[in-house]
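Single-letter residue listing:
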Amino acid sequence: MATAAQTPRFTHPAARGACPFAPPPAYRQAQQDEPISRVSLWDGAPSWLVTRHEDVKAVLSDPRFSSDSARPGFPFISAGARQLSAGRPTFIRMDDPEHARLRRMLTGEFMIKKVEALRPEIQRIADDLLDRMTAGRTGADLVREFALPLPSLVICLLLGVPYRDHDFFQECSRVLLHRDSTAEEVAAAQQRLGDYLDALTESKRAEPDDGILSRLVARGELDTAEIGVMARLLLVAGHETTANMTAMSVLALLRNPDQLDHLRRHPESVTGAVEELLRYLTIVHSGLTRVATEDVELGGVRIRAGEGVICMINTANRDAGEFPGGDELDVTRDARRHLAFGFGVHQCLGQPLARLELQIALDTVLRRLPGLRLAVPFEEVRFRDEMLVYGVHELPIAW
């Protein structure tokens, strides 16, 4: 059996290269030279880096690779990420059967048929935001005025959380998802957000509504703290990922005018285009983390019990063996095999909602802003390299 070199190739996460849409060059080089290789983490701890599509799928679907962040050897990409998994972890940091028990309580909320019924309301929100953004103006920051409030309004509506508190949520999210946040800063943000959600959950006991929080309270299976943890996961993930995907998708299309033109001429192709953009951009850019619970052979390499594994879904989604020409954006590509939402039992629960929001957001922006263009040179756009969820800090546009 082959053994990968034990000397770390580099420290994860690696720096990006010239193209802000592409995975860092160090990961692409590893994919070519040593698809399962050793890297070091921020604290010097070693971990395996898995870069090919086939191998990433194998890890994410194998119960011998645990999502339980309390297990010795679990890889954390920063001190803040370690703190984020401490205390009251969400079910994405658990294994079955506890993971499945908690996840099942939310599965019905995100079934495709139920999510599709939200289309008219999400379309209304998108149109209202664009009405306000374009009223008497010829330019705006797409992030602040459209990409961020759209999913924030939707997830607040679904959960039964007051949108008036969105600045508070977003500030907490910024701390929780910043790679340079200290453990103390993350703990403080967790406490603030936890206290808020605990109080909100208690208010639902007294005055229930038709939101997800009230339905979780009514089940009677979880205490206030457990419901608060679920709410934190949905609230943070429910707006951060879609907001960044929306802005990045618009920017990627502006940088690929032939693809933008195709979507304008064939608006019915937006569903497939969203899948290709999810593949091409892969905004969960620091990888999905696991730890081996026993010795496992993967791609001819032995990974031993207690060793951490980082699945680089951004390189997997550019794997030429799975997506020929994958470094190019092609909105006509059949990209449904992408791993942007993960794979296996921990695949993203909210993906039907994310897909619907992205389809509506892109269709609405492209349809209503025929003169859409960047309002600043591309070189001035600030990318979120320092965040666990990749994107842009702002996107100045004109029309």
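A few points on the structure. (Residues numbered from 1 in each chain as written. Predicted model: local features only at pLDDT ≥ 70, side-chain atom pairs only at ≥ 80, totals over all residues. Heavy atoms only, no water.)

**With respect to the overall build of the protein**
Looking only at helices and strands, one finds 16 helices and 10 strands in the protein. For 399 residues, the compact-globule estimate of 2.2 N^0.38 gives 21 Å, and the C-alpha radius of gyration of the protein, at 21 Å, lies within 12% of that figure. Considered along the principal axes of its C-alpha atoms, the protein spans approximately 65 × 55 × 35 Å. Put simply, the protein has 399 residues, and 57% of those count as buried. For the protein, the share of sequence-separated contacts (at least 6 apart) that also reach a separation of at least 24 residues comes to 73%. For the protein, the accessible area works out to roughly 16600 Å², and carbon and sulfur atoms hold 53% of it. The positive charge centre, built from 47 side chains, and the negative charge centre, built from 56, are 2 Å apart in the protein. (Helix = DSSP H or I, 4+ residues; strand = E, 2+ residues; numbered from the N terminus. Rg over C-alpha atoms; globule rule 2.2 N^0.38 Å. Buried < 20%, exposed > 50% of the residue type's maximum accessible area, 1.4 Å probe, protein only. Contact = heavy atoms within 4.5 Å. Areas by Shrake-Rupley, 256 points an atom, 1.4 Å probe, with all protein chains shown as cover. Lys, Arg positive; Asp, Glu negative; His and termini not counted. Charge placed at Lys NZ, Arg CZ, Asp CG, Glu CD.)

**Considerations on the pattern of salt bridges**
For the structure shown, the criterion picks out 32 salt bridges. Note that Glu34 is salt-bridged to Arg9, the shortest N-O span being 3.2 Å. Residue Glu34 is located in the loop between helix H1 (25-33) and strand E1 (36-40), and its partner Arg9 is located in the segment before H1; the two are separated by 25 residues in the primary sequence. The exposure class assigned to Glu34 is buried, which follows from its relative accessible area of 16%. Between Arg124 and Glu121 there is a salt bridge, with the nearest N and O atoms lying 2.6 Å from each other. With Arg124 and Glu121 both in helix H6 (residues 119-134) and 3 residues apart, the pair spans about one turn of that helix. In this structure Arg124 comes out as partly exposed when scored by relative accessible area, which is 40%. (Salt bridge = Lys/Arg side-chain N within 4 Å of Asp/Glu carboxyl O.)

**Re the sheet that holds strand E5 (residues 288-292)**
Here we have 5 strands laid out as an open sheet, ordered E1-E2-E8-E5-E3, and mixed in their pairing. Edge positions in the sheet fall to E1 and strand E3 (65-66), since each of these pairs with one other strand and no more. The pairing of E3 with E5 spans 2 bridges and is classified as antiparallel. Bridged to Ser66 within E5 is Val291. Helix-sheet contacts for helix H2 (residues 53-60) involve E1, strand E2 (46-50), E3, E5 and strand E8 (308-311), and the interaxial angle to E8 is about 125°. (Pairing = 2+ DSSP bridges. Axes fitted to C-alpha atoms, helices over the stretch in contact; angles between N-to-C directions.)

**As for the nonpolar core**
Judged by nonpolar contacts, the single largest core of 97 residues is most densely connected at Met133, Phe146, Leu150, Leu253, Leu281, Val392 and Leu395. The element that contributes the greatest number of residues to this core is helix H12 (residues 224-255), accounting for 15 residues. Residues in contact with Val392, not counting those within four places in the same chain, are Val143, Asn244, Ala247, Met248, Leu251, Val381, Arg382, Phe383 and Arg384. Among the nonpolar cores identified, the runner-up in size contains 17 residues, and Ile36, Val50, Val59 and Ile313 belong to it. (Core = buried A, V, L, I, M, F, W, Y, C linked by side-chain atoms within 4.5 Å.)

**Brief notes about the packing of helix H9 (residues 166-176) against helix H10 (residues 183-206)**
Each pair of packed helices can be described by the angle between their axes along with the distance between the axes. Close contact between H9 and H10 brings their axes to 9 Å; oriented N to C, the two are set at 150°. Classified by the angle their axes make, H9 and H10 are roughly antiparallel. Where H9 crosses over H10, the handedness of that crossing is left-handed. Between H9 and H10, the contacting residues are Phe168, Phe169, Cys172, Val175 and Leu176 on the first element and Glu185, Val186, Ala189, Gln190, Arg192, Leu193 and Tyr196 on the second. (Parallel < 35°, antiparallel > 145°, perpendicular 65-115°, else oblique. Left-handed = near helix turned anticlockwise from the far one by under 90°.)

**Section: the sheet that holds strand E9 (residues 373-374)**
With antiparallel pairing, the 3 strands of this open sheet are ordered in space as E4-E10-E9. Across the chains shown, the open sheet's two edge strands, defined by having one partner strand only, are strand E4 (139-141) and E9. Relative to strand E10 (residues 396-398), E9 runs antiparallel, the two sharing 2 bridges. What sits directly across from Arg373, in E10, is Ala398.

**Some points on the packing of H6 against helix H16 (residues 351-368)**
One can describe the packing of H6 onto H16 by two numbers: an axis separation of 10 Å at closest approach and a directional angle of 40°. Considered as vectors, H6 and H16 are oriented oblique to each other. As H6 packs across H16, the resulting crossing turns out to be right-handed. Each of Arg119, Ile122, Gln123, Ala126, Asp127, Leu130, Asp131 and Thr134 in H6 lies in contact with H16, whose residues at this interface are Leu353, Leu356, Glu357, Gln359, Ile360, Thr364, Val365, Arg367 and Arg368.

**Quick notes on unusual backbone geometry**
Backbone torsion omega between His12 and Pro13 reads 0°, so that peptide bond is classified as cis. A cis amide bond, omega 10°, links Asp96 with the succeeding residue Pro97. For Pro97, the location among the structural elements is in the loop between helix H3 (79-84) and helix H4 (98-107). With phi around 40°, Thr282 is a residue other than glycine that occupies positive phi space. Structurally, Thr282 is set in the loop between helix H14 (270-281) and E5.

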